[in-house]
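Observations on the model geometry
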Amino acid sequence: MNQRFIKTIQINLLFFIFPLLVFAQNASLQGRVLDALSNEPLPFVNVIISGTTSGTITDIDGNFVFTSLEPGFVRVEASFVGYKRAVSSEVEVSSARRKNIEIKLEEQREQLEEVIVMASPFRKTEESPVSLRSIGIGEIEKSPGANRDISKVIQSFPGVQSTPAYRNDIIIRGGGPSESRFYLDGVEVPFINHFATQGASGGPVGIINADFLREVNLYSGAFPANRGNALSGVLEFYQVDGNAEKLKFQGTLGASEIAATMDGPAGEKTTFVLSVRQSYLQFLFSVLELPFLPNFTDMQFKVRSRLDKKNELTFIGLGAIDVFDLNMGIKNPDAQQQFILSRIPVNEQWNYTLGAVYKHFREHSFQTIVLSRSHLNNVSYKYLDNDDSSEENKILDYRSQEIENKLRLENTTRMDGFKLNFGTSLDLVTYTNSTQQKRFYGGEPLLVDYNTSLNLMKWGLFAQASKNIFHERVSLSLGIRTDANTYSSSMSNPLDQFSPRVSATYNLTTRWSLNFNTGRYYQLPPYTSLGFQQDGILANKKNHLKYISVDQLIGGLEYRPSQSVLFTLEGFWKGYNNYPFSVKDGISLSNKGADFGVLGDEEVRSESEGRAYGAEFQTRVQTTKNLNLNLSYTLVRSEFLNSSDQYIPTGWDSKHLLSMTSTTELRKNWRVGGRWRFVGGLPYTPYDLERSSLVEAWDLSGSPYFNYQMLNAKRFKPFHQLDIRVDKSYYLDRVTAKFYIDIQNLYNFQAEQQENIIRIQDENGKYILSQDGTRYQLEGVKNTSGTVLPTLGIIIEF
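Residues numbered from 1 in each chain as written. Predicted model: local features only at pLDDT ≥ 70, side-chain atom pairs only at ≥ 80, totals over all residues. Heavy atoms only, no water.

**Thoughts on the overall build of the protein**
Scanning the protein from N- to C-terminus turns up nine helices and 49 strands. The C-alpha radius of gyration of the protein comes to 27 Å, within 12% of the 28 Å expected for a compact globule of 798 residues. If one aligns the C-alpha atoms of the protein with their principal axes, the spans along those axes are about 90 × 65 × 45 Å. Expressed as a percentage of its 798 residues, the buried residues of the protein come to 58%. Put simply, of all contacts in the protein between residues at least 6 apart along the chain, 68% involve residues at least 24 apart. Carbon and sulfur atoms provide 57% of the accessible area of the protein, an area that totals close to 32,400 Å². A gap of 5 Å separates the mean positions of the 82 positive and 87 negative side-chain charges of the protein. (Helix = DSSP H or I, 4+ residues; strand = E, 2+ residues; numbered from the N terminus. Rg over C-alpha atoms; globule rule 2.2 N^0.38 Å. Buried < 20%, exposed > 50% of the residue type's maximum accessible area, 1.4 Å probe, protein only. Contact = heavy atoms within 4.5 Å. Areas by Shrake-Rupley, 256 points an atom, 1.4 Å probe, with all protein chains shown as cover. Lys, Arg positive; Asp, Glu negative; His and termini not counted. Charge placed at Lys NZ, Arg CZ, Asp CG, Glu CD.)

**A closer look at the sheet that holds strand S4 (residues 63–69)**
Here we have three strands laid out as an open sheet, ordered S4-S1-S9, and mixed in their pairing. One side of each edge strand has no neighbouring strand; the edge strands of this open sheet are S4 and strand S9 (99–105). This sheet shows a mean twist of 25 degrees between the axes of neighbouring strands, independent of strand direction. Judged from the seven bridges that link them, strand S1 (residues 27–35) and S9 form a sheet pairing that is parallel. Across the sheet, residue Gly 31 finds its bridge partner in S9, namely Ile 101. (Pairing = 2+ DSSP bridges. Axes fitted to C-alpha atoms, helices over the stretch in contact; angles between N-to-C directions.)

**Remarks on the sheet that holds strand S2 (residues 46–49)**
With antiparallel pairing, the four strands of this open sheet are ordered in space as S3-S2-S6-S7. Edge positions in the sheet fall to strand S3 (55–57) and strand S7 (86–87), since each has one partner strand and no second. Taken together, the two bridges between strand S6 (residues 76–79) and S7 define a ladder with antiparallel strand orientation. Each residue of the ladder has a partner; that of Ala 78, found in S7, is Ala 86.

**Let's talk about helix H5 (residues 335–343)**
Given 3.6 residues per helical turn, the α-helix brings residues three or four places apart onto the same face. Those residues of H5 that fall on the buried side of the exposure criterion are Ala 335, Gln 337, Phe 339, Ile 340, Leu 341 and Ser 342. Against the buried residues of H5 lie strand S22 (292–308), strand S23 (311–326), strand S25 (365–383), helix H9 (695–701), strand S45 (751–759) and strand S48 (778–785). Two or three places before Gln 336, at the start of H5, stands the capping residue Asp 334, its side-chain oxygen 3.2 Å from that residue's backbone nitrogen. (Polar contact = N/O pair within 3.5 Å; in protein donor to acceptor, adjacent residues only side chain to side chain.)

**What to know about the side chain of Ser 693**
Looking at the secondary structure, you find Ser 693 in the loop between helix H8 (689–692) and H9. Look at Ser 693 and you get buried, because its relative accessible area is 9%.

**Let's talk about the pattern of salt bridges**
Scanning the entire structure with this criterion turns up 56 salt bridges. Arg 637 is paired through a salt bridge with Asp 653; the nearest N and O atoms lie 2.9 Å apart. Here Arg 637 is found in strand S37 (residues 627–641), whereas its partner Asp 653 is found in the loop between strand S38 (647–649) and strand S39 (655–665), with 16 residues between them in sequence. When its relative accessible area of 0% is taken as the criterion, Asp 653 is described as buried. (Salt bridge = Lys/Arg side-chain N within 4 Å of Asp/Glu carboxyl O.)

**Observations concerning unusual backbone geometry**
Note on backbone geometry: most residues besides glycine have negative phi, and most peptide bonds are trans. Unusually for a residue other than glycine, Phe 44 sits at a positive phi of about 60 degrees. Within the fold, Phe 44 resides in the loop between S1 and S2. Notably, Phe 470 is not glycine yet its phi reads approximately 55 degrees, a positive angle. Residue position: Phe 470 is located in the loop between strand S28 (444–469) and strand S29 (474–485). Overall, the relative accessible area of 59% leaves Phe 470 in the exposed class.

**Re the pairing of S1**
With respect to burial, S1 is a largely interior element, eight of its nine residues being buried. As paired elements, S1 and S4 share five bridges and run antiparallel to each other. Its bridge partner being in S4, Arg 32 is matched across the sheet by Asn 63.

**What to know about a nonpolar patch on the surface**
Where nonpolar side chains cluster on the molecular surface, the patch consists of Ile 369, Leu 371, Leu 407, Leu 409, Leu 426, Leu 428 and Met 457 and spans about 530 Å² of accessible area. Broken down by secondary-structure element, the contributors of at least two residues to the nonpolar patch are S25, strand S26 (394–415) and strand S27 (418–441). Along the chain, the position of Leu 426 falls in strand S27. According to the relative accessible area criterion, Leu 426 is partly exposed, its value standing at 33%. (Patch = residues over 30% accessible without salt bridge, like charges linked within 9 Å, V, L, I, M, F, W, Y side chains within 5 Å.)

**Focus on the packing of aromatic side chains**
Within the structure shown, the criterion is met by 25 aromatic pairs. Arranged with centres 6.3 Å apart and planes meeting at 80 degrees, the rings of Tyr 381 and Tyr 383 form a pair that is edge-to-face. For Tyr 381, a relative accessible area of 23% gives the class partly exposed. Judged by its relative accessible area of 11%, Tyr 383 is buried. Three or more aromatic residues joined by ring pairs make a cluster, and in this case those are Phe 195, Phe 292 and Phe 324. Stacked on the ring of Tyr 647, the Lys or Arg Arg 611 has its end atom at 3.7 Å from the ring centre. Across from the ring centre of Tyr 740, 3.8 Å away, lies the NZ or CZ of Arg 725, which sits over that ring. (Phe/Tyr/Trp six-rings, centres within 6.5 Å; stacked < 30°, edge-to-face > 60°. Lys NZ or Arg CZ within 6 Å of the ring centre and 35° of its normal.)

Dropping the structure here:
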């Protein structure tokens, strides 16, 4: 590892000192300022580059242009009489291409007197005055240890848990990894990670290409009414538009993949962005003799057409092909390699989402129509000891598809000082599953062999009204939502899923504010649970499976000493009801989902209750130049009731989450940054060695079984890690070249993991048996996770 690290440093230095002859410091930026509701251009608006004195005024069509800018990341501020001052999302400017941005201003109905709320890059809405964090492209690009993967970037924010297991499970405020929803330019996207855990959110590598991203909104609570089916988190991804002037290209070599991005005009009123990425992980993992060989390909596109100033149409697409093979070429595998090869199945997966968003603007409102289709195909199979010479050795054969066709209609209006948003949604769902597997329950094997073809319809209604009163000192928002579906009578009555929410803000001064939200939110159990069959019938339909619900209460104090500095303190409480409970394992599904495979394909009942509560503190300093700082601390407890009505910790009960991320801009376009994370020790369930040693039991799974009588009775030691990153950018006349070195786990911390259980072999390689050949002799091998991981990144734009 040390030799590879030194070689990587040497290669990187060659790039950094390579003589570049023609430098350019004349970056440019153009944009347009529009009315947020009518989409009408706003003339004579004052526009400045944030943090500078460089300014201009929009022309009669709302257009503006900046030239002779210093290359790098900037924000633009816009102010106009009768409108609220606004700050744009972050954008990188260079001389290689002229970037285009849009700034939309909201009309200001009341004349402010005592309280003036300053414009800020930190977003805050009437609907979500708490638990909303906006993440700009600069933070995504520069985040140490994240390698431009948004699922890893958000682990620096309050309430979001990170793990040492190199997965992107999105665990927010003690909720499970299946409790979040994702939107790409308003289109719901079920999967944002490669090698996704079906029924949850996790996977090791993100699908979304950072080249596309303009801004990300992370909700850890206070969800708007138009965002349903979430219990713990909502992520909204906003993409850039293509270049309106000429065709541009970008090539990227990252930690796990090589990418090519192309954007430009596709007509007078249309732009496009298109990218393809191909991983080289299979080659790297093979060289390093890792026991699994992942390989992925993904594609992403956006086409936006401004039909006229009152109508626009956007098409988006996101897709991935994932293959997860086993590395059977390892000679004399060690204990950890044996353990992984024994338990992990081969997985072949593909998914895509295609969507269209149409917007029509009127004088005081706009209407949105969103139509989309998502499709997941998931295949897994496993042979005992990976011996595929006979089908009799196959212990798992799993094939499943999830297809969602979605329609959402929305209307947003501002009238007499009120902001009104209301609409409806309709989903047509097809779920299929063919499973052949034997599972070991209650001391004997259980045959799971079924074929499901499930069709159902889901629908929802939502509305939210917001208003600023007392000269904008107080902001109030009331939202309602209801959802239902045709799966069963226990889910078909929309009144059973009535979901109210209330938000409020009280601006104490120009810098201090009190914020509040409470609401009840519902989420449909995973399709894997809805479609599970037993004895030829839908077992969980028979069990009257219900929507999962959570009641949330959030209060916060906010202090903004300046436009670029933010301090927040929030307390939260979440109460869960009707969480699916595993009948065979005797535990709540709230403890599952952070592993490769499938969540929920078993008999469950809607009877688990739980809670999560805690407090969060965050400091954000976000200057356009020089220092950027994100310091967050979360105290969180996550607990569910057991069969004795006692609260026990879930697998996400980390207690303490601490993250500090900082980047500093140096001279000549150098940048350095670091991130240090601390995660309290997570609970875990020990293995049941008595059950696992049974030959009949082991041979059905190829791995040990958990002792759920001691659910989360033990706890790992805390995990901490330091990541650093060094960037160098060259802004040339026609080319922008960026290089970076990212080193994860700089001081090589070894995180404690659950021990690997392997079968003991004799000198001839045969497994040692006991008790008349009915039991394997097992051995526990200490297991840790962690290595120094240097990465070289190269981005060329022309």
